[in-house]
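Residue-level structure breakdown
Spelled out from the first residue to the last, the chains are:
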Amino acid sequence: MAHYSLVPKSFFLSVVLIIFSFLVAAKLYASEPPPLTLDYYKSTCPTAFDVIRKETECAVLSDPRNAALIVRLHFHDCFVQGCDASILLDDTVTLKGEKKAAASTHSLKGFELIDQIKNMVESECPGIVSCADILTIAARDAVILVGGPYWDVPVGRKDSVTANIDLANTNLPTPNESLLSIISKFLYQGLSVTDMVALAGAHTIGMARCQSFRSRIYGDYGFTSVKNPISESQLSNLRSVCPPMGGGKADNNISAMDYVTPNLFDNSFYQLLLNGEGLLNSDQEMYSSVFGIQTRELVKKYAADPLDFFRQFSESMVKMGNITNSKSFVMGEVRKNCRFVNT
Ligand code: HEM
């Protein structure tokens, strides 16, 4: 035993400290976050998926629009520092959230639906399931509930302790942006042109505000759309919902992006694009733009084959859901309340 006393205790302590600091630093600078897995909550919260499905079901059965709100929230989350629930954070004295970004302000809704799901999950297994995972799973369930495809959702995301409104303003596409600019925003996220066209198919459900489609219906809608009585009466409906002059209350009047089957997740959105009846400029551009050679073929493909659309949509949703924020894995947490970071 005597030889131990030759080395001072403080030496061991320093070695342990150095190794510990090294491990922390290695973790901090590790570029690759740990992969998401299907069974992440298997032992810690086996009922998580069931609770989320049940609550999403309640929300969508009470109003099918809720499916669209949840799916869009997930998209706006993932495009800003990865799928880390940064979109759910409210403004506080010390934190500026992303809710007032140009693409989201006055239009992104459904936050209270996620609060409700989170409350139920917390009462089942407190402090275990991240808001980012809840949003990703709920988006999948919402799609199924309005007739869309099923896909497995890998989980294990962490919630961010930050938000970034500047990044939200830069990264999120807007309806009057050019096709090439929108494509570049998807490529930046590691999503392909195919992913973009398939994911935009989410516009088969949900509504847009007059402000988002005014320039389209007083612009080239009349030129792109087929000349038949249904299409013509649709255009005059849209114009009665949305007057040419902006700035008033009518800016928030809404219209379905897929007026044929607004509450059904199907491929009729692409068929509308073939008819030149896309409600948003950005959607119609995928079919009508001279720069849209590849996107046009994809639109035709998904319009002709709903199963092909479902297969690609599922694959692209997993890909979008896997955009991760490596910082969140190290610094992130499981928020108690999705609107605020833990104190
Ligand atoms: C391709 C680029 C995209 C653009 C330019 C775009 C733009 C828009 C706009 C302007 C609206 C209407 C907002 C309003 O007026 O209040 C909207 C609604 C919606 N977007 Fe997108 N979006 C895009 C891609 C996506 C993607 C990838 C998803 C999901 C996978 C998505 C899901 C939705 C849904 C579900 C709605 C309806 C929300 C509601 O009913 O309130 N969008 N989008």
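Residues numbered from 1 in each chain as written. Predicted model: local features only at pLDDT ≥ 70, side-chain atom pairs only at ≥ 80, totals over all residues. Heavy atoms only, no water.

1. Thoughts on the packing of helix H4 (residues 111–124) against helix H5 (residues 131–145)
Heads up, the condition is: Whenever a helix is involved, its axis is fitted only over the stretch in contact; in every case the axis is a line through C-alpha atoms, and angles between N-to-C directions fall within 0 to 180 degrees. Strands here are runs of E lasting at least two residues and helices are runs of H or I lasting at least four, both read from the DSSP assignment and numbered beginning at the N terminus. What sets the label is the angle itself: under 35 degrees gives roughly parallel, over 145 gives roughly antiparallel, 65 to 115 gives roughly perpendicular, and the rest give oblique. Left-handed is the label given to a crossing in which the near helix is rotated counterclockwise from the far helix by less than a right angle, and right-handed is the label when the rotation is clockwise. Contacts are assigned to residue pairs that have any heavy atoms within 4.5 Å of one another. The classification used treats Ala, Val, Leu, Ile, Met, Phe, Trp, Tyr, Cys and Pro as nonpolar, Asp, Glu, Lys and Arg as charged, and all other residues, Gly among them, as polar.
Where H4 contacts H5, the axes come no closer than 10 Å and their chain directions differ by 115 degrees. In terms of axis orientation, H4 runs roughly perpendicular to H5. Classified by chirality, the crossing of H5 by H4 is right-handed. Of the residues in H5, those touching H4 at Ile 114, Ile 117, Lys 118 and Val 121 are Cys 131, Ile 134, Leu 135 and Ala 138. Across the contact of H4 with H5, the residue classes tally to 7 nonpolar, no polar and 1 charged.

2. Examining the nonpolar core
The tendency in soluble globular proteins is for nonpolar side chains to be buried as a group. Our working rule: Put simply, a nonpolar core is a bunch of buried Ala, Val, Leu, Ile, Met, Phe, Trp, Tyr and Cys residues held in one set by side-chain atoms that sit within 4.5 Å of each other. Think of it in three bands: with a 1.4 Å probe and only protein chains considered, a residue is buried below 20% of the maximum accessible area for its type, exposed above 50%, and partly exposed in between. The start and end points of each domain follow an automatic or database-based domain assignment.
Of all hydrophobic cores here, the largest spans 77 residues; its most connected members are Leu 88, Ile 114, Val 197, Tyr 270, Met 286, Phe 313 and Met 320. It is H5 that provides the largest number of residues to this core, a total of 9 residues. In this structure, this core is formed jointly by two domains, domain 1 (48–172 + 323–331) and domain 2 (190–316), each of which donates at least three residues. Residue contacts for Leu 88: discarding those within four places in its chain leaves Leu 73, Lys 99, Phe 111, Ile 114, Cys 131, Leu 135, Arg 335, Cys 338 and Arg 339. Cys 210, Tyr 221, Leu 235 and Cys 242 belong to the second largest nonpolar core, which has 11 residues in total.

3. Some thoughts on the environment of Leu 113
By the element assignment, Leu 113 lies in helix H4. Classification of Leu 113 by relative accessible area gives buried; the value is 14%. Setting aside residues no more than four positions away along its own chain, Leu 113 makes contact with Ala 59, Asn 66, Leu 69 and Ile 70.

4. Digging into the coordination of the iron atom of the ligand
Here is the rule: Coordination partners: N, O, S within 2.8 Å of the metal, 3.2 Å for Na, K and Ca; water not considered, so apparent gaps in a site are possible.
With respect to protein ligation, the iron atom of the ligand binds only His 203 (NE2), at 2.1 Å. Relative to the assigned elements, His 203 resides in the loop between helix H8 (193–200) and strand E1 (207–209).

5. A word on the pattern of salt bridges
This is how it is decided: Salt bridges are counted wherever a side-chain nitrogen of Lys or Arg sits within 4 Å of a carboxyl oxygen of Asp or Glu.
Counted by the stated rule, this structure contains 16 salt bridges. Residues Glu 122 and Lys 118 are paired through a salt bridge, measuring 3.0 Å at the closest nitrogen-oxygen approach. Of this pair, Glu 122 and Lys 118 both sit in helix H4, 4 residues apart, roughly one helical turn. We note that Glu 122, like Lys 118, is buried. Linked by salt bridges that have partners in common, Asp 90, Lys 99, Asp 115 and Arg 339 make up one network.

6. Some points on the domain arrangement of the protein
Which entries qualify depends on this criterion: Accessible-area loss on putting two parts together, using a 1.4 Å probe and summing over both, is the definition of buried area adopted here.
The assigned domain composition of the protein is domain 1 (48–172 + 323–331) and domain 2 (190–316). A C-alpha centroid distance of 24 Å is found between domain 1 and domain 2. Contacts between domain 1 and domain 2 engage 17 residues on the former and 13 residues on the latter. Interface area, domain 1 with domain 2, both sides summed: about 1,200 Å², of which 73% is carbon and sulfur. By the criterion of area lost to domain 2, the three top residues of domain 1 are Arg 65, Val 146 and Pro 149, representing 38% of everything that side buries.

7. Examining the state of the cysteines
Put simply, the rule is: The disulfide definition used here is simple: a pair of cysteine sulfur atoms within 2.5 Å.
Scanning all chains against the criterion turns up 4 disulfides. Paired through a disulfide, Cys 45 and Cys 125 show a sulfur-sulfur distance of 1.8 Å. Highlighted residues: Cys 45 in the loop between helix H1 (9–29) and helix H2 (48–62) and Cys 125 in the loop between H4 and H5, separated in sequence by 80 residues. Each member of the pair, Cys 45 as well as Cys 125, is classed as buried. In this model, Cys 131 is linked to Cys 338 through a disulfide, with the two sulfur atoms separated by 2.2 Å. Note on the Cys 131 and Cys 338 pair: the S-S dihedral is about -95 degrees, so by sign convention the disulfide is left-handed.

8. Structural notes on the packing of H8 against helix H15 (residues 306–321)
Two elements in contact, H8 and H15, have axes whose closest approach is 9 Å; the angle formed by their N-to-C orientations is 110 degrees. Relative to H15, the element H8 lies roughly perpendicular. Judged by residue contacts, Thr 194, Asp 195, Ala 198 and Leu 199 of H8 engage Phe 309, Gln 312, Phe 313, Ser 316, Met 317, Lys 319 and Met 320 from H15. Tallied by class, the residues present in the contact of H8 with H15 amount to 6 nonpolar, 3 polar and 2 charged.

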